[in-house]
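Structure assessment
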Amino acid sequence: MSQPATETPAMPTLGRRSLLALAGAGAAVGVAPQRAGAAPAEADGPILKPLPSDQFVVYGTNAEMRWDSVDPGRFRTPQPRLFVRNHTRTPRLDPHTFELSVFGDGLSRPRSVDEAVSLRLRDLRRLPVRHVTTVHECTGNGRSYFGAQQGTPASGTQWKLGAVGTVTWEGVRLADVLRRLGISRGAVDVMATGLDPSYVDKGTDYGPVRRPIPIGKALDDALLAWGMNGRPLLPDHGFPLRLVVPGWVGIASIKWLGSLEVASTELTSPWNTKWYRMTGPDWPTDSPPLTVNPVRSAWELAEGTQLPQRGGAVLHGRSCSGAGRIRRVEVSVDRGSRWERARIEDHRPGWTRWSYRWPGAAPGPHTLLARATDVHGRTQPLTARFNDGGYFFDAVVAHPVVVR
Ligand SMILES: Nc1nc2c(c(=O)[nH]1)N[C@H]1C(S)=C(S)[C@@H](COP(=O)(O)O)O[C@H]1N2
Ligand SMILES: [Mo]
């Protein structure tokens, strides 16, 4: 696809079988959710796609995109270049036997796990197909700057700013699936559970990666996606099916989606009680689970890039917000005394590319600052509020350059 259509409904062509499956009747009912569909092959690493060192920085089971490898002319992040965040490892799943189980007491006809409706990919593909462009970003993006810039390191993957991308997903609206199955008026939460191996940390087995979202978000714009940028999902990004929760913390978008529980009560998992909430001395003990991503900005430059004494070079960067588009980007080359407007290059869903004409400077070390503001007036502070998990580092990052 050449243009990122935000919403491209195709004609609904519901065959009889899928109507039956999506109505929860007939042979599709009564199959219990299956745990991990395939054991990882011995030789597999935690990430299956190639991670060339000029494009990625690898941290164990995770890998971030190098901003200096981004092509300024390309709006979307190619799937092979998108960051990967795996709690354990990428499973190899068979799309032909793949089934998504849907159950819970929030369905209009409540179903136990044993009575779950099983949906095949072909059942889902009969619903209206949507293409949605989103910024896909990890909650911990920028975490390393809690230490590097604020002197208060937070434990967890020491991402710089590359745990983000903009992609166009292909799939069906979760609302279309749930409405056809029938949801009760009392539905509260939808728990999405992955088929990757259980997450074990310091001797504790937390079970499979899973996190609930409120029914309102589920019915608003959540997608069940099988494609990215016109291709099937790569295994690392959730093949054959993942949840996509636009604008929200990356953890909400559960990969390798094995089951959905629609519940009439609030659901919890360690991923919304223990992690992905603000905790620490500065936060109340009952801080809610994190949802909408903050505003962040990055330069498409390596740290320590050489810039010319004489001005004129055009520098590029991108900014994004989980809440909507970016309205304004300001740049400072004098550590924040003066801010100038960057030139905004995109007015479409996803992140915003911008450019700035380097004015030139005396030889020596210098710092570039970029600060974005979204359409809701949310902007980037100079200091991010510390939290134990190192989430939501949204402060302006001081990008070092050298003039010679
Ligand atoms: N099943 C499962 N889903 C998951 C994860 C995971 O480890 N397992 N990681 C989450 C996190 S923390 C993020 S940021 C995104 C990363 O998606 P990506 O690897 O496709 O970029 O997936 C989320 N969904
Ligand atoms: Mo994440």
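Relevant structure appears above.
Since we're looking at a predicted model, the values are computed, not measured.

Below, the discussion takes up the site of ligand 1. Residues in close proximity to ligand 1 total 20 residues, the closest being Phe83, Asp196, His237, Arg242 and Lys255. Between ligand 1 and His87 there is a distance of 2.8 Å, counted from an oxygen atom to a backbone nitrogen or oxygen. Within the contact set of ligand 1, an oxygen atom lies 3.0 Å away from a side-chain nitrogen or oxygen of His136. Burial of ligand 1 by the surrounding chains reaches 100%, relative to a free accessible area of 540 Å². Here the residues of the shell around ligand 1 are counted per class, giving eight nonpolar, seven polar and five charged.

Of all six residues that make up strand β12 (residues 223–228), six are buried, and the element is covered over most of its length. As paired elements, β12 and strand β14 (residues 242–244) share three bridges and run antiparallel to each other. What sits directly across from Leu224, in β14, is Leu243. Note that β12 and strand β13 (residues 231–232) share two bridges and pair antiparallel. When the bridges of β13 are listed, Met228 appears paired with Arg231. Between β12 and β13, which pair antiparallel one after the other, the connecting turn spans two residues, and Asn229 there sits at a positive phi close to 55°.

What follows deals with the packing of aromatic side chains. One pair of aromatic rings is described through two measures. These are the centre distance and the angle between the planes. One pass over the structure, following the stated rule, counts 14 aromatic pairs. Between Tyr145 and Phe393, the aromatic rings sit 5.9 Å apart at their centres with planes inclined by 45°, giving tilted as the arrangement. Note that Tyr145 is positioned in helix α3 (residues 144–148) and Phe393 in the loop between β23 (364–374) and β24 (399–403), a separation of 248 residues in sequence. Each member of the pair, Tyr145 together with Phe393, is buried.

Parameters at a glance
- Counting restarts for each chain, with residues numbered from 1 along the sequence as it is written.
- Following the order in which they are written, the chains are lettered starting with A and the ligands numbered starting with 1.
- Local features in this predicted model are restricted to residues whose pLDDT is 70 or higher, and side-chain atom pairs enter the listing and the counts only when it is 80 or higher, whereas totals over whole chains, interfaces and linings include all residues.
- Hydrogens and water are ignored here; the side-chain numbers use all heavy atoms of the structure.
- The rule for a residue being near a molecule or strand is that one of its heavy atoms must lie within 4 Å of it.
- Whenever a nitrogen or oxygen atom comes within 3.5 Å of another N or O atom, the pair is scored as a polar contact, on the condition that within protein one atom can donate a hydrogen and the other can accept it, and that pairs from neighbouring residues in sequence are kept only if both atoms are in side chains.
- Here, Shrake-Rupley sampling with a 1.4 Å probe gives the accessible areas, and only protein chains in the shown set may cover a residue.
- Each residue is assigned to one of three groups, with Ala, Val, Leu, Ile, Met, Phe, Trp, Tyr, Cys and Pro labelled nonpolar, Asp, Glu, Lys and Arg labelled charged, and all others, Gly among them, labelled polar.
- For every residue, the accessible area (1.4 Å probe, protein chains only) is compared with the maximum for its type, and the residue is labelled buried under 20%, exposed over 50%, or partly exposed between those bounds.
- Strands are runs of DSSP state E lasting at least two residues, helices are runs of H or I lasting at least four, and both sets are numbered from the N terminus onward.
- Each pair of strands is called paired provided DSSP finds at least two bridges between the two strands.
- Two aromatic rings from Phe, Tyr or Trp, using only the six-membered ring of Trp, form a pair when their centres are within 6.5 Å; if the ring planes differ by under 30 degrees the pair is stacked, by over 60 it is edge-to-face, and anything between is tilted.

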